[in-house]
Amino acid sequence: MTKTSNAMWGGRFAAGPDAIMEAINASIGFDRRLAAQDIAGSRAHAAMLAATGIVSDSDADAIREGLLTILSEIEAGEFAFSTALEDIHMNVEARLRELIGAPAGRLHTARSRNDQVAVDLRLWVREQCDAVDTALAALMRALVGQAAQGADWVMPGFTHLQVAQPVTWGHHMLAYVEMFARDRGRFADARARMNESPLGAAALAGTSFPIDRHMTAAALGFDRPMANSLDAVSDRDFALEFLAAASICAMHLSRLAEELVIWSSAQFRFVKMSDRWSTGSSIMPQKRNPDAAELIRAKIGRIFGANVALMTVMKGLPLAYGKDMQEDKEQVFDAADNLMLALAAMTGMVADMTAQKDVLRGAAATGFSTATDLADWLVRTLGLPFREAHHVTGALVAEAEARGGDLSDLPLDAMQAVHHLITADVFTVLGVENSVASRTSYGGTAPANVRAQIARWEEVLK
Ligand code: ARG
């Protein structure tokens, strides 16, 4: 016995789909997450159909009421989702027919699932942009809090993960604040661009019914309807922009996570992670593992993967809609869920961690970190060209290294043996505090600069 054909579109079919066909075709397993957006879109559409006289007020009222009932059924977990009904759109519509009878059949006038799903996903991604923005602001506040606590704490700055020059803890924290602020900008840009309504594009060509797309666009909080019906149903740029912004944001999170992994190691001890954000080992009793940081570091893999996956789905699609596009949702959901989780975990870790001021200070004074300050002194005080000063400083570093100490441990006569004009004044620039205090150029690491930037961010994030 063959199954009966699909109640929604099976008019021309004598038999139902093969079980495997049903399995590959159905999206209800994941697009049920669009239920609230689907119902909002349908309610706006029904109101417009009534306002334009395309359906009667009483039918539209019944539809709008019935949709609210369905929403509460879904929210209460009482809704029976059916794979045979493929997706959220047809599940909702089928239930509407059960609830209100014949008027349910008028809802799909002047509409297609192609514009319907495009509206739903746009609304969902738009909400995520707002949620991510809030989460990013919270993370930035936690970083600014860390910066404020150690605005003038000296730590080594690295290039190539080799000690380079002393910087301040506050400056290092604020570097991430800048990154996450750009992320907020990217999500905001994407949100502004995606805020156009595809509803009313219908299947691909628009409709002969006298619909009012401006009305539905306004009702759903869109700035305007999309101008081209083919583009409206075939565009997934909004999802891709979200995934691209999410990828860059996850990359920033991953870099910070990597620093936390390094900094919390026994070799560095720059930060102590709180118990709440550490895990133990089942065999090694001494361990405090930074699992959350490691998992955040790994999240970039799936988030960037989602971006690549959807780009790949879209790249060869002729206009307009193709069923390929059904594959957009799981990528977007997974990326959004994991980005939100990573942001929350990072915010908690950053807020709870304790920077080890003395360890940072000690590490800052190693690795000849003030060699550039010494070279600059030679330029400023003795008038040497920078290249020559660089060379002289290199010889001094070699001498200090041979003696097993740092630059500030070199006796003056050993320095004068390298360059006879060096005076004891040089020692004033070899201290790490002096080094950071002297970096007052705009954007530099001097504590005075850092405090000004903290004040700026506290104002922005208020
Ligand atoms: N479940 C579909 C999707 O996610 C909805 C649109 C189906 N449109 C169609 N013409 N079959 O893309």
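As a reminder, the structure under discussion sits directly above these lines.
Residues numbered from 1 in each chain as written. Predicted model: local features only at pLDDT ≥ 70, side-chain atom pairs only at ≥ 80, totals over all residues. Heavy atoms only, no water.

Our focus in this paragraph is helix 15 (residues 386-402). Taking 1.5 Å as the rise per residue, helix 15 with 17 residues should run 24 Å; its terminal C-alpha atoms sit 24 Å apart, in good agreement. Within helix 15, burial applies to Ala 389, Val 392, Thr 393, Leu 396, Val 397 and Ala 400. Viewed end-on, helix 15 has its buried residues packed into an arc of 145°, placing them on one side of the element. Exposed and facing more than 90 degrees away from the buried side of helix 15 are Arg 387, His 391, Glu 401 and Ala 402. Against the buried residues of helix 15 lie helix 14 (371-382) and helix 16 (412-418). Positive backbone phi, at 75°, marks Gly 404, one or two positions downstream of helix 15. (Helix = DSSP H or I, 4+ residues; strand = E, 2+ residues; numbered from the N terminus. Expected span 1.5 Å × (residues − 1). Buried < 20%, exposed > 50% of the residue type's maximum accessible area, 1.4 Å probe, protein only. Arc of directions from axis to C-beta. Contact = heavy atoms within 4.5 Å.)

Quick look at the packing of aromatic side chains now. Two descriptors summarise a pair of aromatic rings, namely the distance from one centre to the other and the angle between the planes of the rings. One pass over the structure, following the stated rule, counts 10 aromatic pairs. Through a chain of ring-to-ring contacts, the aromatic side chains of Phe 158, Trp 169, Trp 263, Phe 268 and Phe 270 assemble into a single cluster. Above the face of the Phe 81 ring, Arg 32 is positioned so that its terminal group lies 4.2 Å from the ring centre. The positively charged end of Arg 33 is found above the aromatic ring belonging to Phe 333, 4.8 Å away from the centroid. (Phe/Tyr/Trp six-rings, centres within 6.5 Å; stacked < 30°, edge-to-face > 60°. Lys NZ or Arg CZ within 6 Å of the ring centre and 35° of its normal.)

With that settled, the discussion passes to the site of the ligand. Taken together, the neighbourhood of the ligand is formed by Ser 27, Asp 31, Asp 87, His 89, Arg 113, Asn 114, Val 117, Tyr 321, Lys 323, Gln 326 and Lys 329. Between a nitrogen atom of the ligand and a side-chain N or O atom of Asn 114, the distance comes to 2.9 Å. Considered on its own, the ligand offers 340 Å² of accessible surface; in the complex 87% of this is hidden by protein. Of the residues forming the shell around the ligand, the biggest block, 3 residues, is contributed by helix 6 (residues 113-149). Residue classes in the shell around the ligand are distributed as 2 nonpolar, 4 polar and 5 charged. (Near = heavy atom within 4 Å. Polar contact = N/O pair within 3.5 Å; in protein donor to acceptor, adjacent residues only side chain to side chain. Areas by Shrake-Rupley, 256 points an atom, 1.4 Å probe, with all protein chains shown as cover. Nonpolar A, V, L, I, M, F, W, Y, C, P; charged D, E, K, R; others polar.)

Mapping Asn 338 onto the fold places it in helix 12 (residues 328-352). Not counting residues within four places of it along the chain, the set of residues in contact with Asn 338 comprises Lys 299, Arg 302 and Ile 303.

Attention now goes to a nonpolar patch on the surface. A contiguous nonpolar patch, built from Leu 204, Leu 230 and Leu 319 and spanning about 270 Å² of accessible area, is present on the exposed surface. Within the secondary structure layout, Leu 319 lies in the loop between helix 11 (291-314) and helix 12. The exposed category is assigned to Leu 319, whose relative accessible area is 63%. (Patch = residues over 30% accessible without salt bridge, like charges linked within 9 Å, V, L, I, M, F, W, Y side chains within 5 Å. Salt bridge = Lys/Arg side-chain N within 4 Å of Asp/Glu carboxyl O.)

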